[in-house]
Amino acid sequence: VIALGTPTRSVITTCAYCGVGCSFKAELNGDQLVRMTPYKHGAANRGHSCVKGRFAYGYATHADRILKPMIRERIEDPWQEVSWDEALAFAAARMRGIQARHGRKSVGVITSSRCTNEETYLVQKLTRAVFLNNNTDTCARVCHSPTGYGLGQTFGTSAGTQNFDSVAAADVVVVIGANPTDGHPVFASRLKKRLRAGAKLIVIDPRRIDLVKTAHVEAAHHLPLRPGTNVAVVTAMAHVIVTEGLFDEGFIRARCDWDEFAEYAEFVSDPRHSPELTEMLTGVPAEELRAAARLYATGGNGAIYYGLGVTEHSQGSTTVMAIANLAMLTGNIGREGVGVNPLRGQNNVQGSCDMGSFPHELPGYRHVKNPEVRAIFETAWGVEIDPEPGLRIPNMLDAAVSGQFKGLYCQGEDILQSDPDTRHVSAGLAAMDCVIVHDLFLNETANYAHVFLPGSTFLEKDGTFTNAERRINRVRKVMAPRNGYADWEITQLLANAMLEAEGRPLWRYTHAAQIMEEIAATTPGFAHVDYALLEEKGSVQWPCNDAAPEGTPIMHVDGFVRGRGRFIVTEYVATEERTGPRFPLLLTTGRILSQYNVGAQTRRTANTVWHAEDVLEIHPHDAEVRGVKAGDWVKLASRSGETSLRAHLTDRVSPGVVYTTFHHPTTQANVITTDHSDWATNCPEYKVTAVQVGLSNGP
Ligand code: SF4
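Model, not experiment: these values are computed from the prediction. (Residues numbered from 1 in each chain as written. Predicted model: local features only at pLDDT ≥ 70, side-chain atom pairs only at ≥ 80, totals over all residues.)

Draft legend 1. View of the sheet that holds strand 19 (residues 451-454). The seven strands lie next to each other as 5-4-19-18-17-6-7, forming an open sheet whose pairing is mixed. Of all strands in the sheet, those bounded by a partner on one side alone are strand 5 (80-81) and strand 7 (136-138). By the bridge criterion, two bridges tie strand 4 (residues 70-71) to strand 5 in an arrangement that is antiparallel. Of the residues in strand 5, the one forming a bridge with Met-70 is Glu-81. Helix-sheet contacts for helix 4 (residues 117-131) involve strand 6 (107-111), strand 7 and strand 17 (407-411), and the interaxial angle to strand 6 is about 175°. (Pairing = 2+ DSSP bridges. Helix = DSSP H or I, 4+ residues; strand = E, 2+ residues; numbered from the N terminus. Contact = placed C-beta atoms within 7 Å. Axes fitted to C-alpha atoms, helices over the stretch in contact; angles between N-to-C directions.)

Take a look at the structure:
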């Protein structure tokens, strides 16, 4: 219950929605939360916030919260409320029974990028030190896993290169596959401030996003590419830069591998990458493409910001590498105002990847096959770590359908709503003997669960989130957990329920700070991070260690993390998703300002009044030939499935392209999307689906 009254005390904490990581002052009257206001000393937001963060407390106190653990023998049975001890004993016995019958690799976990670093670290530790396998994955799989791969390959580390302050020194800003106004509103304000002061803007996006033309901001170039052709457009920009001699030879000779550059330069110089041939492929006018390339190469400090419109493609990793190539080609790395910057959708995508949530990497992006790295954790944890990488989320589901994967602990992630190919996800979940859902609400995935462990919100626990600029921000407990425990305590209780039954030593963390001590002791980039430093500095950006005791605002200043920057040939390969007579339009998706992802949280806050339903944006020409008028219900059908939405006629989308958001469960966007995915990481290709649109009678 929110009390109206005069605040008597306040707690500084961090927003749990997007990757900007705004600091907030939670003001209380006694134990009652009165309001949340943006914190003026927050390094990421400097006193600003958006409508999501301001009203986030609404979901913490919402009546839909499940506060008692529940179990059931079979998913057909009704839920039964039980004590924490009973629920944990039930869950532990089921998981141990599965491993006894089907082997230790028959169970795994999926963790959320909404959880704290400390919680995420414990979940992967549970997998590796209690389940004794590497079947741990994170929802970053379906958003920024290509960033991890692409920036790791080219620069040597899987993170954005700059701090947000850096944008103030940019002369040319490239925004590709991102819509900061809706997705990262507080960063968008800082970006617009710089644009109003004279920086030039290039937008590469199928849709005419707000930034293309808004109050006192107008893009110098908007490249409205056909969905799925990012690699071709970025490679054509490189073609112009190389063939016109606009590249930074001094930077490349000093900082990159010259032989790899030579091979890359020969590749991009090929006439098939010319703007004229690229126009036929992508729909981007050749002269616009040429002018944008020249501006980025010669306009001063060039900064690139990108989002899921880059990563959620069958060539997501290739596009990330193509972008990194472009930055190295022009020397736009290693100083203020430049760089390659993924805009992370969720508050702790960066942190969940840093903490070893992927099945092939231990914390700090170190491969499980590396015996020296395993030895660090084997010493710390007192177990032998499996040297074989575990299963990714889609592989877990495939293995479940074929009967080899039987138990899942799913923390803070509604895979039935957020992952591609809904039918396959439900088939996988239905085939398991034990699904443990650890969440705030009875989500869609919980329909297939045998155990429900009620989770805690960001207001009810201590910990840290790491934002899109690698900034480690403190999350501070504002109120006691309504469910009884912070999420890291629940993971510890589950681990101990299994360990105790096996006669193994128990975990004994009493505060999240102790988990951070263990992270710092085992993970070089976090070596100097502790809660005392965070109290003193407010926040720090990793790497934070002997070489950079107070953190690292800008990376790759004197050299790349991997040594020399690596140019990688990025050949465009068309997506397997093709339009045709039955499905002639291309659907792409995105977000709206007032809502967050699948809406589980924002739909339970005051934000609901701003966005009651998702709509389908369709160009007036495409609508007219189908007899569709504004506000009509239309059927949106793909090779995978169909759903109904109201039509919104707009020339923000080009003819041939339709667009929707995915914040409401009734939209069922993932019934429509395909099972194509990024070749390197399995990130789903959410951004390209061939569809047909026709009038319907509604849902
Ligand atoms: Fe800041 Fe993002 Fe939260 Fe909005 S949603 S307040 S931009 S962290």
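Draft legend 2. Just the site of the ligand, in detail. Taken together, 14 residues sit near the ligand, with Cys-15, Cys-18, Cys-22, Cys-50 and Gly-53 positioned nearest. Elements with a minimum of two residues in the shell around the ligand: helix 1 (51-54) and helix 7 (185-196). Residues that form the shell around the ligand fall into these classes: eight nonpolar, five polar and one charged. Each of domain 1 (9-60) and domain 3 (145-342) accounts for three or more of the residues forming the shell around the ligand. (Near = placed C-beta within 6 Å. Nonpolar A, V, L, I, M, F, W, Y, C, P; charged D, E, K, R; others polar. Domains from an automatic or database assignment.)

Draft legend 3. Structural detail: the packing of helix 4 against helix 20 (residues 487-501). Their axes nearest at 9 Å, the elements helix 4 and helix 20 cross at an angle of 15°. It follows that helix 4 is roughly parallel to helix 20 by the angle criterion. For the element pair helix 4 and helix 20, the recorded crossing hand is left-handed. Contacts between helix 4 and helix 20 pair Glu-118, Glu-119, Leu-122, Val-123, Leu-126 and Val-130 from the former with Asp-487, Trp-488, Thr-491, Gln-492, Leu-494, Ala-495, Met-498 and Leu-499 from the latter. Residue classes in the contact of helix 4 with helix 20 are distributed as nine nonpolar, two polar and three charged. (Parallel < 35°, antiparallel > 145°, perpendicular 65-115°, else oblique. Left-handed = near helix turned anticlockwise from the far one by under 90°.)

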